[in-house]
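Now for the letters of each chain:
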Amino acid sequence: SSNQTYSVGDIVSADFVESDVFILNDVLHYMTSEDRERVLCKCLEKLKEGGKIIVRDADKSQEKTHKITKLTEWFSTSSVIHFNKVSRNINFFDAEEMKTFAENNGLDIEITDNDEKTSNKIFVLRRGHLYSLHKRFTLQRLVASRRLAAKLQRNSISLVRSIFNSWRATTR
């Protein structure tokens, strides 16, 4: 379709365009947790209102099925098959990391199993009701902190004047 765009490149350093949906399929475990956070934030920054970030990746907390996932990953990245060209270490994460990201950014999250045999999950993050509340709360905190800063500045000026006047009175 003419309204779809696909990009190829290093996801960590690539610039993203504004989008309705970002699909991160089996890619986040190739990054450090810092890069993973950076990529998710870049997606969120460019996500249109009502948009979704869809992530399909392994959940390392699913110990029993995660063994199968690690084995399939070893085959796909080892010299045996090597169809995934890896330039970074494999760094699996758990569902809690995605839940925390969603919570910290006011996103709704839905998590479903991709299949029964592996630890792969589908995480759907969306800007919903929580995002609107998060955005409003953040804006309220910003306004409140600006008011506080202005009040402190006024009080500081008054304090400096008072100290100066006291000093001047004692030096006369």
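A short tour of the structure in this document, coming up. (Residues numbered from 1 in each chain as written. Predicted model: local features only at pLDDT ≥ 70, side-chain atom pairs only at ≥ 80, totals over all residues. Heavy atoms only, no water.)

Helices and strands together make up the secondary structure of the chain, namely four helices and four strands. Mapped from its N terminus to its C terminus, the chain presents α and β elements in the order β-α-β-α-α-β-β-α. Expressed as a percentage of its 172 residues, the buried residues of the chain come to 30%. Across the chain, contacts joining residues at least 24 apart in sequence account for 67% of those joining residues at least 6 apart. Surface summary for the chain: the accessible area is close to 12,000 Å², and the carbon and sulfur share equals 53%. (Helix = DSSP H or I, 4+ residues; strand = E, 2+ residues; numbered from the N terminus. Buried < 20%, exposed > 50% of the residue type's maximum accessible area, 1.4 Å probe, protein only. Contact = heavy atoms within 4.5 Å. Areas by Shrake-Rupley, 256 points an atom, 1.4 Å probe, with all protein chains shown as cover.)

Turning our eyes to something else, we now look at the pattern of salt bridges. This structure, assessed with the given rule, holds six salt bridges. Close ionic contact of Glu 96 with Lys 99 constitutes a salt bridge, the shortest N to O distance being 3.3 Å. Within this pair, Glu 96 and its partner Lys 99 are both found in helix 3 (residues 95-104), separated by three residues, close to a single helical turn. Assessed through its relative accessible area of 46%, Glu 96 is described here as partly exposed. (Salt bridge = Lys/Arg side-chain N within 4 Å of Asp/Glu carboxyl O.)

Even without being a glycine, Asp 26 presents a positive backbone phi close to 60°. Summarising the element assignment, Asp 26 is placed in the loop between strand 1 (19-25) and helix 1 (33-46).

Let us look at the state of the cysteines. Overall, the coordinates contain zero disulfides when judged by the stated rule. Looking at Cys 41, it has no disulfide partner, and the nearest cysteine sulfur is the one in Cys 43, 9.2 Å off. Residue classification places Cys 41 among the partly exposed positions, given a relative accessible area of 31%. Owing to a relative accessible area of 0%, Cys 43 belongs among the buried residues under this scheme. (Disulfide = S-S within 2.5 Å.)

Every buried residue belonging to helix 3 is among Ala 95, Met 98, Phe 101 and Ala 102, and all of these are buried. The buried residues of helix 3 occupy an angular sector of 125° when the element is viewed end-on, so they sit on one face. Where the residues of helix 3 are buried, they touch helix 1, strand 2 (47-58), strand 3 (108-113) and strand 4 (120-126). Phi turns positive one or two residues past the end of helix 3, at Gly 106, with a value near 65°. (Arc of directions from axis to C-beta.)

Within a regular strand, side chains alternate between the sheet's two faces. Burial analysis of strand 4 places five of its seven residues in the buried class, which makes it a mostly covered element. Inspection of the sheet shows strand 3 paired to strand 4 by six bridges, in the antiparallel sense. Residue Thr 112 lies in a different strand from strand 4, and its bridge partner there is Ile 122. Two successive antiparallel strands, strand 3 and strand 4, enclose a turn made up of six residues. (Pairing = 2+ DSSP bridges.)

Ordered by their spatial adjacency, four strands build an open sheet running 1-2-4-3, and the pairing between neighbours is mixed. The open sheet terminates on both sides in strands that have one partner only, identified here as strand 1 and strand 3. Taken over all neighbouring pairs, the strand axes of this sheet differ in orientation by 10° on average, direction set aside. Alignment of strand 2 against strand 4, held across seven bridges, turns out to be antiparallel. Residue pairing in the sheet places Arg 56 in a bridge with Ile 122 of strand 4. (Axes fitted to C-alpha atoms, helices over the stretch in contact; angles between N-to-C directions.)

Below, the discussion takes up the packing of helix 1 against helix 3. The interhelical angle for the contact between helix 1 and helix 3, taken along N-to-C directions, is 40°, at an axis separation of 12 Å. One way to sum up the angle between helix 1 and helix 3 is to call them oblique. The crossing of helix 1 and helix 3 is right-handed. Every residue of helix 3 that contacts helix 1 at Ser 33, Arg 36, Glu 37, Leu 40, Cys 41 and Leu 44 is listed here: Glu 97, Met 98 and Phe 101. The class makeup of the residues in the contact of helix 1 with helix 3 is five nonpolar, one polar and three charged. (Parallel < 35°, antiparallel > 145°, perpendicular 65-115°, else oblique. Left-handed = near helix turned anticlockwise from the far one by under 90°. Nonpolar A, V, L, I, M, F, W, Y, C, P; charged D, E, K, R; others polar.)

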